[in-house]
Amino acid sequence: MRVAGVMSGTSLDGIDVAIVEIRGRHVETIGFQSTPYAPTVRKAILAVSNTNTHTAAISRLNFELAELYSRAVQRAVKRFGPVELIGCHGQTIYHEGRSNTLQIGEAAVLAERTGVPVVSNFRARDIAAGGQGAPLVPYVDYLLFRHPKRQRIALNIGGIANITVIPPGAAPDGIVAFDTGPGNMVIDALVREFSRGKLTYDPEGRIAESGKVSLALLDDLLSDSYYRRKPPKSVGREQYGTEYVSRIKAYRLPMRDLIATATVFTAAAIAIGIGMAAEKTCPTDLIASGGGVHNPQILSHLTAFLPAIALSTSTDFGIDADAKEAIAFAILAAETWRHRPSNLPAATGAKHGTILGNITL
Ligand SMILES: Nc1ncnc2c1ncn2[C@@H]1O[C@H](COP(=O)(O)OP(=O)(O)O)[C@@H](O)[C@H]1O
Ligand SMILES: [Mg+2]
């Protein structure tokens with residue numbers, strides 16, 4: 001079955017569309033394309049995220065974003081050919097694990113514009129079943145990366161960074177998955193300030209490379225209890241917003257030093273998470289994905305923190321590192337279409353496995 005997966009993450013950089021062919025357990029990527037958000041759209045999303053008001057703005061954006069998703073899918077379909085199903089994650093504007101979550105981007109509009117059935121709102125059913133509604137990608141990590149003899153750790157470095165630890169020969173209930181802390185979010189916010197909005201990220205980690213790491217600041221950032229707390233646990237845009245960036249700027253160091261420190265911090269938080277959850281004595285592959293794989297500074301700090309672990313990217317395993325999360329939502333949509341449960345209770349804390357999402361025909 002040919003499926004489009006549509007993902008728009010916490011970085012608010014844009015809309016990723018992956019088109020995949022799914023045959024049984026075999027997944028082939030047909031094509032992948034990103035459509036950046038215009039700065040005005042990014043601003044509109046930020047304005048309604050984690051606030052208590054703005055009902056009208058949310059209602060409007062719910063429909064407007066769906067038009068953008070529709071165009072992004074239509075562009076991909078024009079380039080790579082038609083699809084039979086769309087899995088759309090939507091844009092998260094509010095999330096309180098275990099009790100509520102809101103991803104917007106109205107599926108009715110997407111189905112109407114494309115003429116293709118849509119699976120959306122993946123997180124709600126897991127929350128209804130007692131889970132956190134996140135993370136959902138570990139189910140896909142398990143399908144794609146599990147190995148009988150090797151421990152596999154899937155790491156996605158998006159706005160937030162998260163890991164899925166799959167022990168050798170593990171059953172689904174043996175998987176541990178959680179957010180390790182920030183991915184690119186803190187770095188991006190500092191770079192935006194540094195460049196007065198001209199840059200939205202640190203290209204190839206070059207600013208970080210030119211700066212000096214402040215151990216005092218690094219210690220301070222790592223002292224938050226979150227990084228040592230046992231999973232299940234998750235973080236979001238709200239933890240690493242304006243206030244957090246102000247705390248960093250209060251150190252009054254040159255901006256490049258702050259960016260260098262934020263970059264080590266991302267890698268250190270990932271390494272701490274892996275240290276807590278992974279088995280130390282078995283052969284291990286760390287399989288990285290997300291925009292953070294384009295920042296060699298993050299990757300080289302990771303290698304330094306984790307000398308015993310072989311670092312690769314999901315591209316090395318046939319899953320394009322930029323497309324991975326979009327591919328994951330195509331696979332989750334296909335599972336739902338076949339009426340198969342696709343949450344992992346071990347990862348989300350749900351009371352039972354459940355079929356995820358709403359289907360709009
Ligand atoms: N060439 C690059 N150099 C450094 N960082 C990059 C590069 N390309 C992408 N990134 C980082 O990846 C982020 C986007 O990652 P993505 O996986 O799309 O995250 P999300 O799922 O949160 O949207 C950008 O905001 C940026 O920080
Ligand atoms: Mg993105």
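Residues numbered from 1 in each chain as written. Chains lettered and ligands numbered in written order. Predicted model: local features only at pLDDT ≥ 70, side-chain atom pairs only at ≥ 80, totals over all residues. Heavy atoms only, no water.

J.: Help me out: how do you make sense of the layout of surface pockets in this one?
T.: In this structure, the second largest pocket spans a volume of roughly 570 Å³. Along the wall of the second largest pocket there are 21 residues; nearest its centre are Arg 42, Leu 46, Ala 189, Arg 192 and Arg 237. Those elements that place two or more of their residues in the lining of the second largest pocket are α1 (39-48), α6 (185-194) and α9 (242-249). Here the lining of the second largest pocket is composed, by residue class, of six nonpolar, seven polar and eight charged. (1 Å grid on protein atoms, 1.4 Å probe; cavity = no way out; pocket = protein on both sides within 12 Å on 5 of 7 lines; lining within 4 Å. Points joined across faces, edges and corners; volume = space filled by probe spheres on them. Helix = DSSP H or I, 4+ residues; strand = E, 2+ residues; numbered from the N terminus. Nonpolar A, V, L, I, M, F, W, Y, C, P; charged D, E, K, R; others polar.)

J.: I keep staring at the pairing of strand β2 (residues 14-23) and nothing clicks. Help me out?
T.: Along a regular strand, successive side chains alternate from one face of the sheet to the other. By the criterion of burial, β2 is predominantly enclosed, with nine of the ten residues buried. In this structure, strand β1 (residues 2-7) lies alongside β2, joined through six bridges in antiparallel fashion. Residue Val 6 lies in a different strand from β2, and its bridge partner there is Val 17. From the end of β1 to the start of β2, which pair antiparallel, there are six residues, and Leu 12 there has a positive phi angle of about 55 degrees. Looking at chain direction, β2 and strand β3 (residues 26-36) are connected through ten bridges and run antiparallel. Its bridge partner lying in β3, Val 17 is registered against Gln 33. The turn joining β2 and β3, which pair antiparallel and follow one another in sequence, is formed by two residues; a positive phi near 60 degrees is taken by Gly 24. (Buried < 20%, exposed > 50% of the residue type's maximum accessible area, 1.4 Å probe, protein only. Pairing = 2+ DSSP bridges.)

J.: How should the pattern of salt bridges be read in this particular structure?
T.: In a structure, side chains of opposite charge can pair up when their charged atoms sit close to one another. Counted under the stated rule, the structure contains twelve salt bridges. For Arg 150, the salt bridge identified is with Asp 285, shortest N-O distance 2.7 Å. Here the residue Arg 150 occupies a position in the loop between α5 (137-145) and β8 (151-157), and Asp 285 occupies one in strand β11 (residues 284-289), the gap between them amounting to 135 residues. For Arg 150, a relative accessible area of 26% gives the class partly exposed. A salt bridge links Arg 247 to Asp 220, with the shortest nitrogen-to-oxygen separation between them at 3.0 Å. Taken together, the positions of Arg 247 in helix α9 and Asp 220 in helix α8 (residues 215-222) put the pair 27 residues apart, joining distant regions of the chain. Classification of Asp 220 as partly exposed rests on a relative accessible area of 23%. Via salt bridges that share partners, Arg 2, Glu 21, Arg 23 and Glu 28 belong to a single interconnected network. (Salt bridge = Lys/Arg side-chain N within 4 Å of Asp/Glu carboxyl O.)

J.: Explanation requested: empty space enclosed by the protein in the structure shown.
T.: Empty pockets left among the atoms are what a rolling probe the size of a water molecule brings to light. With the rule as written, the count across this model stands at two cavities of 30 Å³ or more. If you add up the space inside the largest cavity, you get close to 60 Å³. Lining the largest cavity, in full, are Ile 22, Gly 24, Arg 25, Val 27, Leu 143, Leu 144, Ile 331, Glu 335 and Arg 338. Among the elements of the structure, α5 and α12 (324-337) are those that each provide at least two residues to the lining of the largest cavity. Of the residues in the lining of the largest cavity, the class split is five nonpolar, one polar and three charged. Of the voids in this model, the second largest cavity is the one considered here, and its volume is about 30 Å³. Class assignment for the residues of the lining of the second largest cavity results in six nonpolar, two polar and one charged.

Nothing here speaks to function; it is all geometry.
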